[in-house]
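Summary of structural features
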Amino acid sequence: MNDSLDVSTIVFAALAIFVVWKLRSVLGTRTGEERPPSNPFARRARTDAEPPKPGSGKVIALPTAGRPAVRQPEVAEPWKNIAAPGSTLAGELDRVAAAMPSFSGPEFLNGARAAYEMILAAFAKGDRSALAGLLAKDVLDGFSAAIADREARGDTMTHAMVAIDKANILHAQLQGGSAQIAVRFDSHQVNTLRDRQGVVQGTGTEAVGPVVDEWTFARSLTSRDPNWTLVSTSAD
């Protein structure tokens, strides 16, 4: 065996071992948990908070379990319990409300009920001053004439409102710068007419009886007075 070859082989082997050891000390060893190298040309992964761009073709499943039902907004019914939606009467009331923004159907009917009772009570008593603030002039003239005729005969009238069963708006219109609304009243009343001797006259009776009246109220569109006045009457 050649001694020089053996010495050189040993020297090169020693150098190889030294180089391998040096590399390990500088680069370290792999543990199996290293992150893969990043690709600088690849798009960044989208975060959960970042929505997909339009046209990406990706569909996101939306959670539905436990989500409260969305309530649809209710359609406003300004004439509820007064006029059916889309009816002729509803259209008439719409026109009145457009010309008179403060108009309220329920408030009007409450006022009409109160006026109905007050006018009948004042007429029975012959209270012309109370009637003057509630009636139009021609209607007041008619009521005053009836009171005067009753007084001339020496008759007296008593009135008692037992109940107003119903008060329904029949129709509404704008006429001559005012709003006019007709109301039908279904009621039970006691109306009794007595002569000077206290004898019940004509068909008068002290029994409770049904009464149906149709009265029309009016209010100026330009006046600041919020009160409505009675402009016509009819009875069934």
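Small disclaimer: the values here were computed from a predicted structure and weren't measured.

1. So, the overall build of the protein chain
The number of helices and strands found in the protein chain is 5 helices and 4 strands. Along its sequence from the N terminus, the protein chain presents helices and strands in the succession α-α-α-α-α-β-β-β-β. Here the protein chain holds 236 residues, and 27% of them are scored as buried. Taking the contacts inside the protein chain whose residues are at least 6 apart along the sequence as the reference set, 57% of them involve residues at least 24 apart. Counting every atom, the protein chain has about 17100 Å² of accessible surface; 57% of that belongs to carbon and sulfur.

2. Observations concerning the environment of R184
Note on placement: R184 falls in strand β2 (residues 178-194). Judged by relative accessible area, R184 falls into the partly exposed class, the value being 30%. Sequence-wise, R184 and A235 are 51 residues apart; in three dimensions their C-alpha atoms are separated by 9.4 Å. Side-chain polar atoms of R184 contact the side chain of D186, separated by 2.9 Å.

3. As for the packing of helix α3 (residues 105-125) against helix α5 (residues 137-153)
Here α3 crosses α5 at 35°, and the two axes come no closer than 9 Å. Across the interface between the two elements, I119, F123, A124 and K125 from α3 touch F143, A146, I147 and R150 from α5. Classifying every residue of the contact of α3 with α5 by side-chain character gives 6 nonpolar, no polar and 2 charged.

4. Regarding the pairing of strand β1 (residues 156-175)
Note that β1 and β2 share 17 bridges and pair antiparallel. If you follow A172 over to β2, its bridge partner there is I181. In sequence, β1 turns back onto β2 through a hairpin of 2 residues, with G176 there showing a positive phi of about 55°.

5. Focus: the sheet that holds strand β4 (residues 229-235)
Here we have 4 strands laid out as an open sheet, ordered β1-β2-β3-β4, and antiparallel in their pairing. Looking along the sheet, the strands with just one partner apiece sit at the ends: β1 and β4. Between one strand axis and the next, the sheet turns through 25° on average, direction left out of account. The strands that α3 touches are β1, β2, β3 (209-220) and β4; relative to β1, the one it contacts most, it runs at about 140°. Helix-sheet contacts for α5 involve β1, β2 and β4, and the interaxial angle to β4 is about 60°.

6. A closer look at the pattern of salt bridges
Close approach of charged atoms allows side chains of opposite charge to pair. Following the criterion strictly, the structure yields 5 salt bridges and no others. With a shortest N-O distance of 3.0 Å, E151 and R128 are connected by a salt bridge. Taken as a pair, E151 in helix α5 and R128 in helix α4 (residues 128-132) lie far apart in primary sequence, 23 residues in all. We classify R128 as partly exposed; its relative accessible area is 33%.

7. Details of the environment of R219
By the secondary structure assignment, R219 is in strand β3. With a relative accessible area of 14%, R219 lands in the buried category. Measuring from C-alpha to C-alpha, the distance between R219 and T229 comes to 6.6 Å, with 10 residues separating the pair along the chain. The residues contacting R219, other than those within four sequence positions of it, are M100, S102, S178, A179, D225, P226, N227 and W228.

About the cut-offs
Residues numbered from 1 in each chain as written. Predicted model: local features only at pLDDT ≥ 70, side-chain atom pairs only at ≥ 80, totals over all residues. Heavy atoms only, no water. Helix = DSSP H or I, 4+ residues; strand = E, 2+ residues; numbered from the N terminus. Buried < 20%, exposed > 50% of the residue type's maximum accessible area, 1.4 Å probe, protein only. Contact = heavy atoms within 4.5 Å. Areas by Shrake-Rupley, 256 points an atom, 1.4 Å probe, with all protein chains shown as cover. Polar contact = N/O pair within 3.5 Å; in protein donor to acceptor, adjacent residues only side chain to side chain. Axes fitted to C-alpha atoms, helices over the stretch in contact; angles between N-to-C directions. Nonpolar A, V, L, I, M, F, W, Y, C, P; charged D, E, K, R; others polar. Pairing = 2+ DSSP bridges. Salt bridge = Lys/Arg side-chain N within 4 Å of Asp/Glu carboxyl O.

Read these as geometric descriptors, not functional statements.
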